[in-house]
Amino acid sequence: MVFKMNRLTPSERWTFLQIAEVATPAGERVPAPDASTIAEVETFVDDLGRGALLGYRALLRALDVAAVPLTGKTLSPLGREERGAVLARLAENDKSFWFVRAATAPMKIAQAR
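Keep in mind that what you see is a predicted model, and the values were worked out from it rather than measured.

Participant: I'd like to hear about the overall build of the chain, residue by residue, with values.
Facilitator: If you tally the helices and strands in the chain, you get six helices and zero strands. Across the chain, helices and strands are ordered from the amino to the carboxyl terminus as α-α-α-α-α-α. Dimensions of the chain, computed from the C-alpha atoms along their principal axes, are close to 35 × 30 × 30 Å. When each of the 113 residues of the chain is scored for burial, the buried share is 35%. In the chain, 65% of the contacts between residues at least 6 apart in sequence involve partners at least 24 apart. By element, 57% of the accessible surface of the chain is carried by carbon and sulfur atoms, the whole surface being about 6,700 Å². Charged side chains of the chain number 15 positive and 13 negative; the gap between the two group centres comes to 4 Å.

Here is the structure:
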């Protein structure tokens, strides 16, 4: 199966949803992240310019792997509570704060639309 470079792969989509589930949890006014959230983020990031989505895809993979030193596993297969705790810990660290923000900001923008 061939994927367009301006779209996330199935594996990246799954990782995206696992991160988005804890970064932008469903609430009274915000729906749970789903395929429409992914499509919105793909369009938003791709519209930023050439190579932006490629960079965003790398951010997702790097954020997934950033959990390994903390848990021994990547972020995406962790349970929801542990995933949230690891993401919060990464967001509180001065060395990974902006990295987490760059990966999760498009998710939050898409959820706010």
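Participant: Provide a residue-level description of the packing of aromatic side chains, including the pertinent values.
Facilitator: All told, the structure shown has one aromatic pair when counted by the stated rule. Taking 4.8 Å as the distance between ring centres and 90° as the angle between the ring planes, the aromatic pair formed by Phe97 and Trp98 counts as edge-to-face. Judged by relative accessible area, Phe97 falls into the partly exposed class, the value being 27%.

Participant: So, the packing of helix 2 (residues 35-46) against helix 3 (residues 52-65): which residues are in play, and what are the values?
Facilitator: Running from N to C, helix 2 and helix 3 point in directions that differ by 125°, and their axes come no closer than 8 Å. One element, helix 2, and the other, helix 3, form an angle in the oblique class. In the crossing of helix 2 with helix 3, the sense of the turn from one axis to the other is right-handed. Listed contacts from helix 3 to Val41, Glu42, Val45 and Asp46 of helix 2 are Ala52, Leu53 and Tyr56. Partitioned by chemical class, the residues of the contact of helix 2 with helix 3 number five nonpolar, no polar and two charged.

Participant: Which residues make up the packing of helix 1 (residues 10-23) against helix 3, and what values go with them?
Facilitator: Contact geometry for helix 1 and helix 3: axes closest at 10 Å, N-to-C directions at 60°. Here helix 1 runs over helix 3; the crossing is left-handed. Contacts from Glu12, Thr15, Phe16 and Ile19 of helix 1 reach helix 3 at Tyr56, Arg57, Leu60, Arg61, Leu63 and Asp64. Per-class residue counts for the contact of helix 1 with helix 3 are five nonpolar, one polar and four charged.

Participant: Can you explain the environment of Tyr56? Please cite residues and give values.
Facilitator: Its location among the elements puts Tyr56 in helix 3. Distance in space between the C-alpha atoms of Tyr56 and Leu70 is 22 Å, their sequence separation being 14 residues. Contact partners of Tyr56, with chain neighbours within four places excluded, come to Phe16, Val41, Val45, Ala102, Ala103, Pro106 and Met107.

Participant: Quick one: what's the story with helix 1, residue by residue and with numbers?
Facilitator: Along its 14 residues, helix 1 runs 20 Å from first to last C-alpha, staying within 8% of the 20 Å computed at 1.5 Å per residue. Within helix 1 the residues assigned to the buried category are Glu12, Thr15, Phe16, Gln18, Ile19, Ala20, Val22 and Ala23. Tucked inside the fold, the buried residues of helix 1 contact helix 2, helix 3, helix 5 (80-92) and helix 6 (97-112).

Participant: Describe in detail helix 2, supporting the description with residues and values.
Facilitator: Residues separated by three or four positions in an α-helix point in the same direction, a consequence of the helix having 3.6 residues per turn. Its 12 residues place the ends of helix 2 16 Å apart at the C-alpha level, agreeing with the 16 Å of an ideal helix rising 1.5 Å per residue. Looking at the buried side of helix 2, the elements it contacts are helix 1, helix 3 and helix 6.

How each quantity is defined
Residues numbered from 1 in each chain as written. Predicted model: local features only at pLDDT ≥ 70, side-chain atom pairs only at ≥ 80, totals over all residues. Heavy atoms only, no water. Helix = DSSP H or I, 4+ residues; strand = E, 2+ residues; numbered from the N terminus. Buried < 20%, exposed > 50% of the residue type's maximum accessible area, 1.4 Å probe, protein only. Contact = heavy atoms within 4.5 Å. Areas by Shrake-Rupley, 256 points an atom, 1.4 Å probe, with all protein chains shown as cover. Lys, Arg positive; Asp, Glu negative; His and termini not counted. Charge placed at Lys NZ, Arg CZ, Asp CG, Glu CD. Phe/Tyr/Trp six-rings, centres within 6.5 Å; stacked < 30°, edge-to-face > 60°. Axes fitted to C-alpha atoms, helices over the stretch in contact; angles between N-to-C directions. Parallel < 35°, antiparallel > 145°, perpendicular 65-115°, else oblique. Left-handed = near helix turned anticlockwise from the far one by under 90°. Nonpolar A, V, L, I, M, F, W, Y, C, P; charged D, E, K, R; others polar. Expected span 1.5 Å × (residues − 1).

In short, the description is geometric, and any link to function would need to be established separately.
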